[in-house]
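Structural characterization, general
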Amino acid sequence: MADSYDAIVIGTGQAGPPLAVRLAGAGMKVAVIERGLFGGTCVNTGCIPTKTMVASAYAARIAQRAADFGVRIDGHVNVDMKRVKARKDEISGKSRSGVESWLENTPNCTVVRGHARFESAREVGVGGTRLIAEKIFINVGGRARVPEMPGLDQVSHLNNSSMMHVDFLPRHLLVVGGSYIGLEFAQMFRRFGSEVTVVEMSSRLVSREDEDVSAAVKEIFENEGVDVHLDSKCITVGKNGGEIMATLDCENGPREVSGSHLLLAVGRRPNTDDLGLDKAGVTQDTHEFIVVDDELRTNVPGIWALGDCNGRGAFTHTSYNDYEIVAANLLDHDHRRVSDRVPAHALYIDPPLGRAGMTDAEVRTSGRRAMVGKRPMTRVSRAVEKGETQGFMKVVVDADSKMILGAAILGPGGDEAIHCIVDVMSAKAPYPVLQRTMHIHPTVAELIPTVLGELKEL
Ligand SMILES: Cc1cc2nc3c(=O)[nH]c(=O)nc-3n(C[C@H](O)[C@H](O)[C@H](O)COP(=O)(O)OP(=O)(O)OC[C@H]3O[C@@H](n4cnc5c(N)ncnc54)[C@H](O)[C@@H]3O)c2cc1C
């Protein structure tokens with residue numbers, strides 16, 4: 001006998017819990033299935049713990065630079081890694097138990113623990129239990145991808161999950177992958193006191209961003225003593241005594257780096273490989289992401305996919321927005337779509353990068369006539385006052401429609417200031433609206449209207 005529900009939610013990432021609570025509040029009988037830690041990646045091994053550690057690293061950096069601000073610290077600045085981890089565990093743990101008790105205490109909502117697999121389009125198995133429902137919502141997220149790298153079976157390596165257990169200072173952290181996740185860990189451990197080497201396959205760091213962003217990020221890292229190796233086309237790893245060795249190139253002659261610990265940060269894969277999707281008839285793409293339409297419906301009526309597993313976003317805010325879209329369409333008769341949202345994300349190095357809309361390369365490919373305004377942080381008074389003048393801000397607009405096409409703010413508070421741009425883009429207002437808005441002094445965001453008054457052809 002199967003337990004019958006109106007809706008089943010698989011996974012408690014950033015979309016599943018709020019959706020389950022909304023559906024239960026609407027009077028549906030809901031089951032939520034979780035096989036691991038409640039709250040998923042963001043809460044346990046992603047955003048929350050890493051940003052907590054980034055905050056510790058920032059404190060270390062400011063302490064190391066205290067003399068620049070006229071503050072004397074007598075004696076050496078030390079980082080207590082056990083305390084860094086304990087602080088991270090406490091903040092992440094509160095968030096995890098908050099999600100768990102929220103679901104446990106929601107009327108009409110049953111929490112089921114274990115690994116879920118589809119038995120058919122309406123039936124899910126969890127251990128010996130079978131659950132059926134007319135509506136099933138998949139929010140299974142993703143995990144670190146393990147690359148095919150010669151020698152990897154010979155050396156132990158870390159990923160974003162196992163990094164969460166590190167309560168010591170690695171002597172020399174070797175980071176393979178110079179993109180969002182790898183760079184956040186690289187900079188924080190450098191600031192904690194490790195030697196850090198970053199190895200990246202492509203010819204620049206964060207290669208999905210514009211070239212000027214990549215170049216500025218590389219400069220920031222090198223200024224802090226991170227050793228950056230680009231164009232590492234075919235990496236092999238091995239051991240030499242207690243040391244982990246990596247050979248980086250097979251085209252332009254051997255290059256070799258070494259370290260005490262190896263962190264792999266080369267991308268993520270969706271948790272769709274052991275979900276029984278074939279039994280439900282749900283279609284996946286060539287990268288194993290679940291194929292969804294603009295309202296996050298799969299090809300099987302009654303089954304939706306939300307969050308990282310649908311390949312339409314890779315962030316907490318995209319997953320949460322997926323929940324809002326599905327709930328609005330199902331419960332509010334409010335027709336919301338994925339294509340309505342303005343793409344936006346941040347890179348939490350210091351200074352942070354806030355990004356909205358298209359890159360310069362995407363604008364050029366689109367064939368539009370475009371204008372760009374740009375200003376270095378050395379000419380932003382708040383950045384100068386804070387002694388944090390690395391980076392720049394840049395806004396690209398359509399020369400004909402006057403709509404904002406994209407922006408990058410790499411500088412103090414860039415992750416916050418970018419929302420001026422996101423909101424104007426979302427409101428579909430032309431850039432002169434923002435240009436004529438009075439901003440508060442002294443802030444980084446106050447220079448956005450100025451930048452919009454200094455546009456040049458892209
Ligand atoms: C190191 C790191 C830092 C990050 N930093 C940021 C950031 O600063 N900002 C940001 O926006 N994003 C960040 N992200 C991305 C962000 O964490 C994810 O996009 C976000 O968690 C959304 O995930 P999700 O809702 O798709 O599912 P997830 O959070 O991955 O949760 C999926 C859940 O489903 C469960 N599950 C999986 N399969 C099954 C199954 N078969 N049965 C039962 N349960 C199952 C899992 O145990 C998990 O709890 C970061 C990611 C990483 C790795």
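One structure accompanies this document, and this report is about it. (Residues numbered from 1 in each chain as written. Predicted model: local features only at pLDDT ≥ 70, side-chain atom pairs only at ≥ 80, totals over all residues. Heavy atoms only, no water.)

1. Things to note about the nonpolar core
Defined as follows: Take the buried residues of types Ala, Val, Leu, Ile, Met, Phe, Trp, Tyr and Cys, join any two whose side-chain atoms come within 4.5 Å, and each joined set is a nonpolar core. Relative accessibility thresholds used throughout: buried, under 20% of the residue-type maximum; exposed, over 50%; partly exposed, between the two (1.4 Å probe, protein chains only). In what follows, residue pairs with any heavy atoms lying within 4.5 Å of each other are defined as contacts.
Within the largest apolar cluster, 50 residues are counted, with the highest numbers of intra-cluster contacts made by I10, F118 and I138. Discounting residues that sit within four places of it in the chain, I10 has contacts with I33, A116, F118, V124, I136, F137, I138, N139, V140 and L275. In this structure, V175, V196, V213 and F392 belong to the second largest nonpolar core, which totals 37 residues.

2. Structural notes on the site of the ligand
Just so we agree on the cut-off: We define proximity as follows: a residue is near a molecule or strand when any one of its heavy atoms falls within 4 Å of that partner. As used in this structure description, the phrase polar contact means that two N or O atoms lie within 3.5 Å; if the pair is within protein, one of them must be able to donate a hydrogen and the other to accept it, and residues adjacent in sequence are counted only when both atoms belong to side chains. Per-residue and other accessible areas follow the Shrake-Rupley method at a 1.4 Å probe size, with only the shown protein chains counted as cover for residues. Strands here mean DSSP runs of E at least two residues long; helices mean DSSP runs of H or I at least four residues long; both are numbered from the N terminus. Residues were grouped as follows: Ala, Val, Leu, Ile, Met, Phe, Trp, Tyr, Cys and Pro as nonpolar; Asp, Glu, Lys and Arg as charged; and all remaining residues, including Gly, as polar.
Around the ligand lies a shell of 37 residues, among which E34, T41, K51, D308 and S319 are the nearest. A distance of 3.2 Å separates an oxygen atom of the ligand from a polar atom in the backbone of A314. F315 has a polar backbone atom sitting 3.2 Å from an oxygen atom of the ligand. When the ligand is considered free in solution it has 1,000 Å² of accessible area, and contact with the protein chains removes 93% of it. For the shell around the ligand, the elements supplying multiple residues, two or more each, are β2 (30–34), α2 (40–44), α3 (47–64) and α8 (316–331). Residues that form the shell around the ligand fall into these classes: 12 nonpolar, 20 polar and 5 charged.

3. Remarks on the sheet that holds strand β11 (residues 236–240)
This is how it is decided: When DSSP finds two or more bridges between two strands, those strands count as paired. Note on geometry: axes are C-alpha line fits, over the in-contact stretch for helices, and angles between N-to-C directions span 0 to 180 degrees.
On the basis of which strands lie adjacent, the open sheet formed by 3 strands has the order β11-β12-β13 and antiparallel pairing. A single partner strand is all that each edge strand has here, and the edge strands are β11 and β13 (256–259). Within the sheet, the average angular offset between the axes of one strand and its neighbour, ignoring direction, is 30°. Where β11 lies against strand β12 (residues 243–247), 5 bridges are found, and the strand directions are antiparallel. Bridged to N240 within β12 is E243.

4. Let's talk about unusual backbone geometry
Of note, the bond from D350 into P351 is cis; its omega dihedral lies within 30 degrees of zero at 0°. The linkage connecting H441 with the following residue, P442, adopts the cis geometry, with an omega of -10°. One can find P442 in the loop between α12 (431–435) and α13 (447–452). For D231, which is not glycine, the phi torsion reads 50° and is therefore positive. Examined against the element boundaries, D231 turns out to sit in the loop between β10 (227–229) and β11. Positive phi, close to 50°, is recorded for H333, a residue that is not glycine. Its location among the elements puts H333 in the loop between α8 and β17 (344–347).

5. Topic: the packing of aromatic side chains
Convention followed: In this analysis, rings of Phe, Tyr and Trp, with Trp reduced to its six-membered ring, are considered paired at centre separations within 6.5 Å, and the interplanar angle assigns stacked below 30 degrees, edge-to-face beyond 60, and tilted for intermediate values. Charge-over-ring contacts are defined here by two conditions on Lys NZ or Arg CZ: a distance within 6 Å of the ring centre and an angle within 35 degrees of the ring normal.
Counted under the stated rule, the structure contains 3 aromatic pairs. Judged by centre distance (4.7 Å) and plane angle (25°), the rings of F137 and W304 are stacked. Of the two residues, F137 is situated in strand β6 (residues 129–138) and W304 in strand β16 (residues 303–305); the sequence distance between them amounts to 167 residues. Overall, F137 belongs to the buried group, its relative accessible area being 0%. The exposure class assigned to W304 is buried, which follows from its relative accessible area of 10%. A ring pair is formed by Y320 and Y323, whose centres lie 5.1 Å apart and whose planes are at 65°; its orientation type is edge-to-face. Taken together, the residues span about one helical turn, with Y320 and Y323 both in helix α8 at a distance of 3 residues. Over the aromatic face of Y5 sits the side chain of K29, whose NZ or CZ is 4.8 Å from the ring centroid. In this arrangement the basic side chain of K374 is found over the ring face of F392, its NZ or CZ atom lying 4.4 Å from the centre.

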